[in-house]
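Report on the structure
What follows is the residue order along each chain.
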Amino acid sequence: MSIKAAGRTFFLETKHSLYQMKADSRGVLKHLWYGENTGQDMEYLLDYPDVSFSGNIYDAQDQRSYSLDTMPLEYASEGTGDYRISAVSVCHENGASALDLRYEGYRILPGKYSIPGLPAVYAGESEAETLEITLKDTASDVRVVLKYGVLPEYDVITRSAVIMNDGADTVMLNKAHSLCLDIPYGSWEWIHFHGRWARERNPQRLKLLHGIQESSSIRGTSSHHQNPAVILCKEGCSETNGTCIGAALMYSGCFQAQAEYDQLRQVRLVMGIHADLFCWELKPGDSFYTPEVILSHTENGLQALSHQFHRVLREHVCRGKYQKAERPVLINNWEATYFDFNEEKLLKIAEGAAALGVDMLVMDDGWFGKRDSDTLGLGDWSVNKEKIPGGLDGLVKKINGLGMQFGIWFEPEMVSEDSDLYRAHPDWAIRIPGRNPVRSRFQLVLDISRADVREYLFRAVSRILRLANIKYVKWDFNRSVCDWYTESLPAGRQKEMPHRFVLGLYELLDRLTGAFPDVLFEGCCGGGGRFDAGILYYCPQIWCSDDTDAFERTQIQYGTSFFYPVSAMGSHVSAVPNHQTGRVTSLRTRAVTAMCGSFGYELDLNTLTEEEKEEVKSQIRAFKEFGPLIHNGKFYRLSDPYHDNYAIWQFVSEDQKETLVQGMIFRSEPNMLRSPVVLRGLDPQKKYCLREDGRVYSGSALMAGGLLLPETSGDYVPVEFYLSVSLSH
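All residue numbers refer to positions counted from 1 along the written sequence of the respective chain. Totals for whole chains, interfaces and linings use every residue, but because this is a predicted model, local features are given only for residues with pLDDT of at least 70 and side-chain atom pairs only at 80 or more, for both listing and counting. With hydrogens and water stripped out, all remaining heavy atoms of the structure feed into the side-chain values.

1. Things to note about the overall build of the protein
This is how it is decided: Numbering of helices and strands runs from the N terminus; a helix is a DSSP stretch of H or I covering at least four residues, while a strand is a stretch of E covering at least two. Atoms counted for the radius of gyration: C-alpha only. Globule rule: 2.2 Å times residue count to the power 0.38. In this scheme, a residue with accessible area under 20% of its type's maximum is buried, one over 50% is exposed, and one in between is partly exposed, where area comes from a 1.4 Å probe on protein chains only.
Tallying secondary structure elements over the protein gives twelve helices and 38 strands in all. On C-alpha atoms alone, the protein measures out to a radius of gyration of 27 Å, which is about the 27 Å that the 2.2 N^0.38 rule sets for 729 residues. Across its three principal axes, the protein shows a C-alpha extent of roughly 85 × 70 × 45 Å. Within the span of the protein, comprising 729 residues, buried residues form 62% of the whole.

2. Comments concerning the sheet that holds strand 28 (residues 541–543)
Whenever strands of a sheet pair, they do so through backbone hydrogen bonds, lying parallel or antiparallel. Stated precisely, the cut-off is as follows: Pairing between strands is defined by DSSP: at least two bridges between them are needed. Think of each axis as a best-fit line through the C-alpha atoms, taken over the contacting stretch in the case of a helix, with angles from 0 to 180 degrees between the N-to-C directions. Whether two residues are in contact is decided by their heavy atoms, any of which lying within 4.5 Å being enough.
Read once around its circumference, the closed barrel built from eight strands follows the order 21-22-23-26-27-28-29-30, with strand pairing classed as parallel. Averaged over all adjacent pairs, the angle separating strand axes in this sheet is 30°, with direction ignored. Pairing of strand 26 (residues 472–475) with strand 27 (residues 520–523) involves four bridges; the strand directions are parallel. Its bridge partner lying in strand 27, Val 473 is registered against Phe 521. Where helix 3 (residues 343–356) meets the sheet, its contacts fall on strand 21 (330–332) and strand 22 (360–363), and the angle it forms with strand 22 comes to roughly 155°. Contacts from helix 10 (residues 587–594) reach strand 29 (569–574) and strand 30 (598–602) within the one sheet, and its direction differs from that of strand 29 by about 175°.

3. Remarks on the nonpolar core
This is how it is decided: Take the buried residues of types Ala, Val, Leu, Ile, Met, Phe, Trp, Tyr and Cys, join any two whose side-chain atoms come within 4.5 Å, and each joined set is a nonpolar core.
In terms of nonpolar packing, the biggest core is built from 208 residues, with Trp 367, Ile 408 and Tyr 601 touching the most fellow members. A per-element tally of this core places helix 7 (residues 497–515) first, with eight residues. The contacts of Trp 367, once residues within four sequence positions are left out, are Phe 341, Trp 381, Ser 382, Val 383, Asn 384, Ile 388, Ile 408, Trp 409, Phe 410 and Ile 464.

4. Focus on the pattern of salt bridges
How we decide: Within this document, salt bridges are pairs made up of a side-chain nitrogen of Lys or Arg and a carboxyl oxygen of Asp or Glu, the two lying within 4 Å of each other.
According to the stated counting rule, one finds 55 salt bridges in the structure shown. A single salt-bridge network, built from bridges that share partners, covers Asp 82, Arg 84, Asp 182, Asp 262 and Arg 268.

5. A short note on the environment of Gly 55
Tracing the backbone through its elements, the reader meets Gly 55 in the loop between strand 4 (29–36) and strand 5 (88–91). In this structure Gly 55 comes out as partly exposed when scored by relative accessible area, which is 32%. Taking C-alpha positions, Gly 55 is 5.7 Å from Gly 81, a pair spaced 26 residues apart along the chain. Residues contacting Gly 55, with those up to four places away along its chain left out, are Tyr 66, Ser 67 and Leu 68.

6. Here we look at helix 3
Each α-helix winds once per 3.6 residues, and so residues spaced three or four apart point in a common direction. To keep it simple, the criterion reads: By this rule, a helix spans an expected 1.5 Å times one less than how many residues it contains.
With 14 residues, helix 3 ought to run about 20 Å at 1.5 Å a step, and its terminal C-alpha atoms sit 20 Å apart, in line with that. Of the residues making up helix 3, those classed as buried are Glu 343, Leu 346, Leu 347, Ile 349, Ala 350, Gly 352, Ala 353 and Leu 356. Looking at the buried side of helix 3, the elements it contacts are strand 21, helix 2 (334–337), strand 22, helix 4 (391–401) and helix 11 (610–632). Remark: Gly 357 follows helix 3 within two positions and exhibits a positive phi of approximately 105°.

7. Observations concerning the sheet that holds strand 2 (residues 9–13)
The four strands lie next to each other as 1-2-3-4, forming an open sheet whose pairing is antiparallel. The sheet is open, and its two edges are formed by strand 1 (3–6) and strand 4, each paired on a single side. Each strand of the sheet is rotated relative to its neighbour by a mean of 15°, with strand direction disregarded.

8. Here's the deal with the pairing of strand 29
In summary, the side chains of a regular strand alternate between the two faces of the sheet. Our working rule: Place the viewer so that the strands point away; then a crossover is right-handed whenever the path from the first strand over the helix to the second strand goes clockwise.
The element strand 29 is largely enclosed, with a buried count of six among its six residues. Alternating residues of strand 29 divide into Met 569, Ser 571 and Val 573 and Gly 570, His 572 and Ser 574, and every residue in both groups is buried. One ladder, built from two bridges, connects strand 28 with strand 29; its direction is parallel. Note that in strand 29 the partner of Trp 543 across the bridge is Gly 570. Crossover handedness for the path strand 28 to helix 9 (residues 550–560) to strand 29: right-handed. Relative to strand 30, strand 29 runs parallel, the two sharing five bridges.

9. A short note on the state of the cysteines
Keep this limit in mind: To count as a disulfide, a pair of cysteine sulfur atoms needs to be within 2.5 Å.
Applying the stated criterion across every chain, the model contains zero disulfides. Here Cys 318 stays free of any disulfide, with the sulfur of Cys 539 as its closest cysteine sulfur at 9.4 Å.

10. As for helix 1 (residues 301–316)
In this model helix 1 runs 23 Å from its N-terminal to its C-terminal C-alpha over 16 residues, within 8% of the 22 Å that 1.5 Å per residue would give. In terms of residue burial, helix 1 counts as a mostly covered element, since 14 of its 16 residues are buried.

11. Overview of the side chain of Glu 335
Where we set the bar: Positive residues here are Lys and Arg, negative ones are Asp and Glu, while His and the chain termini are left out of the count. Within 3.5 Å is the distance limit for a polar contact, defined as a pair of N or O atoms, with the added protein rule that one can donate a hydrogen and the other accept it, and that residues adjacent in sequence qualify only through two side-chain atoms.
Within the secondary structure, Glu 335 sits in helix 2. Buried and without a salt bridge, Glu 335 has Arg 553 as its closest oppositely charged side chain, separated by 8.3 Å. Within the local environment of Glu 335, its side chain forms a polar contact with the side chain of Thr 548, the two groups lying 3.4 Å apart. Discounting residues that sit within four places of it in the chain, Glu 335 has contacts with Asp 546, Thr 548, Ser 574, Ala 575, His 579, Gln 580 and Glu 602.

12. As for the pairing of strand 30
Most of strand 30 sits out of view: five of its five residues are buried. Of the two faces of strand 30, the one lined by Ser 598, Gly 600 and Glu 602 and the one lined by Phe 599 and Tyr 601 are each fully buried. Alignment of strand 21 against strand 30, held across two bridges, turns out to be parallel. The residue of strand 30 that forms the bridge with Leu 330 is Gly 600. Considered for its hand, the β-α-β crossover made up of strand 29, helix 10 and strand 30 is right-handed.

13. What to know about the side chain of Gln 226
Its location among the elements puts Gln 226 in the loop between strand 13 (211–217) and strand 14 (229–234). A distance of 2.9 Å separates a polar atom in the side chain of Gln 226 from a polar atom in the side chain of His 192.

14. Considerations on unusual backbone geometry
The omega torsion of the bond from Val 576 to Pro 577 falls at -5°, within 30 degrees of zero and hence cis. As for its placement among the helices and strands, Pro 577 is situated in the loop between strand 29 and helix 10. The phi dihedral of Ser 223 falls on the positive side, at around 90°, and the residue is not glycine. By the secondary structure assignment, Ser 223 is in the loop between strand 13 and strand 14. Residues other than glycine seldom take positive phi values, yet Tyr 716 does so here, at roughly 60°. Among the structural elements, Tyr 716 can be located in the loop between strand 37 (707–708) and strand 38 (717–725).

15. Some thoughts on the environment of Cys 279
Structurally, the position occupied by Cys 279 is in the loop between strand 17 (267–273) and strand 18 (280–282). Distance from Cys 279 to Ser 126, taken between C-alpha atoms, is 38 Å for residues 153 residues apart in sequence. Once you skip the residues sitting within four places of it in the chain, Cys 279 turns out to touch Met 172, Leu 173, Asn 174, Lys 495 and Glu 496.

16. Let's talk about empty space enclosed by the protein
The criterion, for reference: The way it works is a 1 Å grid over only the protein atoms, where trapped points that fit a 1.4 Å probe form a cavity and open points with protein on both sides within 12 Å along at least five of seven lines form a pocket, and then any residue with an atom within 4 Å of a point lines it. Grid points are joined across faces, edges and corners, and a volume is the space filled by probe spheres set on the points. Classes in brief: Ala, Val, Leu, Ile, Met, Phe, Trp, Tyr, Cys and Pro nonpolar; Asp, Glu, Lys and Arg charged; the others, Gly included, polar.
Per the stated rule, a full pass over the model turns up seven cavities of 30 Å³ or more. Taken as a whole, the largest cavity spans an internal volume of roughly 120 Å³. What lines the largest cavity is a set of 13 residues, and nearest its centre among them are Val 28, Leu 73, Tyr 75, Ser 77 and Leu 101. For the lining of the largest cavity, the residue count by class is eight nonpolar, two polar and three charged. Volume-wise, the second largest cavity comes out at about 80 Å³. Lining the second largest cavity, in full, are Thr 554, Gln 557, Tyr 558, Cys 596, Phe 635, Arg 637, Ser 639, Pro 641, Ala 647, Ile 648 and Trp 649. Of all the elements in the fold, those that place two or more residues in the lining of the second largest cavity are helix 9, strand 31 (634–637) and strand 32 (646–652). Here the residues of the lining of the second largest cavity sort into seven nonpolar, three polar and one charged.

Take a look at the structure:
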């Protein structure tokens, strides 16, 4: 068993960690421990004095050292004397906001719980257990059920909560976070992942300062600007050593992660739906389900933490045919043509790509309605016969005749004012009555919290997917949302709308992926603006960034890799000078960088020289050989591209029989020794043969001394080594 109850003390055990809590004699659920598995009750560490200006609950009587403001709590609420950030807040019928939650009971269930309407980690009865702990307010019939899913072999514990109104009066829920984690001891830092469009998920590591630090989004998506995943780590924690805890929210909308370093130098981490854009009416008998947080702990550094997240996301979040299947090498026409294309241009691009071994052509924005620019046509999901006179089925059959599959771009959640859809249904767009709507990219957002809008989109997208043999969908979302309003809710409930929007997205994606199980859906939001574990539940890969520059991508993919597996990162070779930065890098450099993801091309291959075309053939053969290792092997960050003169990464097969080292040296240095790069994850007893020159090295030598990086001339030099176990040694 991974979950044990000893009286009212609960032990959640994974392979290497222990999560522990206790309902004390007053029914307060205290957090005791999250760390390495000590095998014993850790309550002995909690020894609190009388702290001035920290009040006491009434039933503590004369025990002035008993304060909810100081002790570690499992799920903190407002109005009970805990002045730190809370996880839940309600407003009762009389306007009061206090919620004094006390222990009522528990259940241990086989398997992993699911969440109605929301993505969640899934696992069978042999892989997971669920703990449910019920807490009840002392003065009302509000209950909270805390759910814990334990996947012991993955060193993962999931957290979610259900807030229930079992009383006779309506309650307004003003805050409903999924995670509250109190850590009483230690010197902690946190890592969050900030950015902007075309520069997503930059890791920033900061020492926790007294007060509250926050990573959040109010943009309607998880956003380019912050990512819903954070790490708490002890000082000195490195890639290969030290204590760290990761928390990833499975949610694709407005989120909030806050870390408070309090007066006693304790840490509280809360995470969930952003409270500023949230309110939910709980009528008698209603329940609210929070999104799930995936938690993982290790004493072995950031590398081990990443491996734990990569494994659970690949095997217990991603679903369907393409969960682990080989992905097609594709070519996307966007940077080759933008809106200026027709059937003849697409066929020419496809013919050139097919001759080089590309598996799929993806037709991007501009194929529908009167979509000749980004100012019109969104919402009119019918084929533009001027661009594609033979219709979609005719085009796809011609592409298939070249031996290629076909994919297509959609942006279903958006609408242009210059469109037939908007003229017919202006009320379907999000806009506040009496105010002009906020435009971005000259487009508005459809109110997918409405069932009629979702039904239209399901039918419109389904109709296109049934017109032809389509095997891939790129699902885009090219703006943030701000002027929230829906005609389907009364004035007092408008703050429900941002969450209902996300629920609508998930319902629509669930219906479409269920109806078209053989289609590979790729998430996209102007690149990486909705790169989160929630989207991965429906789309096993996400376009990593609209920045396709090879140098920039080494840093973007580095930051992404702290939580998300390489198999989830859409990454392509694009033209030079690069369309985002103007930088020129070699074709081989661009390919090596793009192989750290779902490989493809974003240019017209017909424009290449004959020598370059032969190189593309070689790149595609290499990716098809290395693809299973890249997507299913262990990933190691061998350098920090923000501080080193190179970005080097490594893939190792599960059986440790082969490894691929790739990367880029940024700048050549004159009159300087070559740098060694030390490998990881190999069997020290095995002998490994370097394919490039046939030399043989022991695993222990490669992990102690490493390999010398190549001599360089010029900048942005690619690095690639492949080693496999030598059968002759």
